[in-house]
Each structure stands twice: as C-alpha cells, then as structure tokens.
Amino acid sequence: MGRMAGRRALLAVPVLLAVTFGVFAVAAASPFDPVKAYAGTAGLTASQENLDQLRANLGVDQPLVTRWWNWLTAALHGDLGESSVMRQPVADVIGERLGWSVLLAGTAFLVAIVLGTGLGVLAARRPGGLLDRCVSAAAYTLEAAPAFWLGLLAIWFFALKLGVLPAGGLTDAASDTVTFDQVAGHLVLPASVLGISQLPWFFLYVRQGVADALDEEPVRGARARGLRERTVLLGHALRSGMLPMLTLIGSRVPELITGALLVETVFSWPGIAAATVQAATSVDFPLLAALTVLATAAVVLGNLLSDVLYALADPRVGFDG
C-alpha cells in the first residue's frame, strides 16, 4: 500500500503543477481587471499612474510565467500569498472556511453512500418489483436535476411552506454564538440536498452489482446450503456487489465539490464557495491557485481512497500490483 501511495503522490506532482499554471493562464486571459476589482469604486476616479502603481504592488504587471513561478516557490515555503479580494492571507481565507465545507461535503457523502447502498440492496432483491421501479425512476430523475434547483425546491417546501427547517446560514439570525444544535439544524437541508444529488449513482451501482452477484455460482451455492436469505444477501452478494461502487467514490469527488459550491451558495453556507466566486470574478491569482490545488488534491485523494477500499474489499487485488 505504501508503494502504491508513493506512486500516486509522484504522479500527482506534475498534475498539480499543470493545474496551477493553467489557473494563472486562464486568469491572465480573463477580461476582468484585478486592479479595478481590488480598488473598487475608488478605481473609477483613480489616475492611470495610481492604477499602474497598484498593478505593480499587486505584481500583476509581471509576465505570466513569472507570476506563476513566484507563487509556486513561495507556496513551497508555506506562503500562499495575500488575497487581493479578501485583503488577508490566503491561508487564513481557506482556514476559516474549509472546515465548514468539509463538514457539509462529508455529511452529504455519508448520506449518499448509506441511502444509496440500502436502497440498492433492497431493489436488487426483487428486480422489476414495485420498489425497484419506483426508486430507479426517482434515481434517473435526480440524475438530471441540478443541485441548486433541488436546493431552491427544498427551501420552498421545508423552510417556507412547512417552516420546519431553517432556509440557510450557519446559525439563527438573532444568535451571535455558534452552537452545536444550531449548526446541526442548519446543516440538515444543505447536506440532504447535496447527498440526494449524489445518491442516484451509488444506488444504481449497488443495485446492479448486488443483482449480478445474486446470480453468481458462489451465492447460489450459499443458498443451496440452506443459509438464511439475509446472510446470503449481506454476507455474500453485498460484498461482491459493492466492489464496483467502491471505484465510484473517487470519480464522484469532482462532482461533489462542484455540487457543494452550488449548495453553499444557495443556502448561504459559510464554506469556500463565496471565496471561490469572488476569487474568480476578481482574478485573485493566489487565492484561485490555492483553491484549485486544494480541489485537485481532493480528487487525487479520492481516487487513492477508491483503490485502497477496493484492495481491502477484494483480497485478490494487491496493494502493490
């Protein structure tokens, strides 16, 4: 396992380098002016000389490769730079928001895996049955539903119509303290919406995998030996049927990140979504690069997690093979 992780880490280095350079290249070609975004309304009346001086102070007057290289060498020494739009160090911007984004994404991923696996197993027991047809139809419908549309629908129904859950934010409007109860209550809607948006793929993979496993010779043999149906389903078919789903975990990470950004925006969740939008529209080079590296690293780790889980679930797969 150590060798496999080492190889993946080495392969991730050129990927991260290419991604960060791409961010600087795209930002440099953007029509947005980072100097005017930094200056705000004062930039409308500022002289060209003052704007040029501000451009030099921000370092955006330097060539693309120079800006990228200066950021990269500083980042390797632990300095991610200063966010021009947030007016604070990039590390602080990410540190203040990353925990809330991880909480939302982690909870949503757990919801998707647990519900998708449970419904997939139940549907696979009787392919073509009422439960299978209903859940499969709902899954295919949810595949086409954008996460932000599900979020707006959830706010209308649960927050406005029923009034049972808060519409957004991290705490109640009248509260000036962050408590566990308030965070848990405000987390229910965004985590559920994000989890349900990811659920169809887990359900469909588990359903197909378990259904195929039930027709395999080892499972038929277990039934012939008189084992209980529950033991056959959970002890034999589920383990074999879960293998394709494990490979799905890594591939769903990019979609999870994208969905989390949309859901955070809809529910005013204090994660990295707002910082990402502001960094993109203001061409904040250091913050854009750091957030992109973070997202790329999450994808790499997700793929590595899939490989590790697959190897643990199937003894025939070697860690170093």
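Coordinates for the structure precede this section.
Source: prediction; values computed, not measured.

Calculation notes
Residues numbered from 1 in each chain as written. Predicted model: local features only at pLDDT ≥ 70, side-chain atom pairs only at ≥ 80, totals over all residues. Heavy atoms only, no water. Patch = residues over 30% accessible without salt bridge, like charges linked within 9 Å, V, L, I, M, F, W, Y side chains within 5 Å. Areas by Shrake-Rupley, 256 points an atom, 1.4 Å probe, with all protein chains shown as cover. Salt bridge = Lys/Arg side-chain N within 4 Å of Asp/Glu carboxyl O. Helix = DSSP H or I, 4+ residues; strand = E, 2+ residues; numbered from the N terminus. Buried < 20%, exposed > 50% of the residue type's maximum accessible area, 1.4 Å probe, protein only. Expected span 1.5 Å × (residues − 1). Phe/Tyr/Trp six-rings, centres within 6.5 Å; stacked < 30°, edge-to-face > 60°. Contact = heavy atoms within 4.5 Å.

Among the surface-exposed residues, Phe148, Trp149, Leu152, Leu153, Trp156, Phe157, Phe158, Leu160, Leu162, Val164 and Leu262 lie close enough to one another that they form a single nonpolar patch of about 1100 Å² accessible area. By secondary structure assignment, the location of Phe148 is in helix H8 (residues 147-161). Since its relative accessible area comes to 39%, Phe148 is described here as partly exposed.

Here H8 spans 20 Å end to end across 15 residues, near enough to the 21 Å set by a 1.5 Å rise per residue. Listing the buried residues of H8 in full gives Ala147, Leu150, Gly151, Ala154, Ile155 and Ala159. Count one or two residues on from H8 and you reach Gly163, which has phi positive near 70°.

What follows covers the pattern of salt bridges. Summed over the entire model, instances satisfying the criterion amount to 2 salt bridges. Note that Glu96 and Arg97 form a salt bridge whose closest N and O atoms lie 3.4 Å from each other. Note on Glu96: relative accessible area 46%, which makes it partly exposed. Among the salt bridges present, the one from Asp132 reaches Arg207, with a minimum N-O distance of 2.6 Å. On the criterion of sequence distance, the pair formed by Asp132 in helix H7 (residues 130-143) and Arg207 in helix H9 (residues 180-214) is long-range, its members being 75 residues apart. Relative accessible area serves as the criterion here: at 4%, Asp132 is assigned to the buried category. Looking at Arg207, the relative accessible area reads 18%, which means it is buried.

Below, the discussion takes up the packing of aromatic side chains. Two numbers describe a pair of aromatic rings. These are the distance of the centres and the angle of the planes. Scanning all chains against the criterion turns up 6 aromatic pairs. Here Phe109 and Phe202 contribute two aromatic rings whose centre-to-centre distance is 5.6 Å and whose plane-to-plane angle is 75°, an arrangement assigned as edge-to-face. With Phe109 in helix H6 (residues 90-125) and Phe202 in helix H9, the pair connects residues that are 93 residues apart, well separated along the chain. For the pair Phe109 and Phe202, a shared accessibility class is recorded, and that class is buried. Every member of this aromatic cluster is reached through a ring pair, and the members are Phe21, Trp68 and Trp69.

Our next topic: the side chain of Arg97. Considering the arrangement of structural elements, one finds Arg97 in helix H6. On the basis of relative accessible area, Arg97 is assigned to the buried category, the value being 18%. Filtering out sequence-adjacent residues up to four positions away, Arg97 remains in contact with Met86, Gln88, Pro270, Gly271, Ile272 and Ala275.

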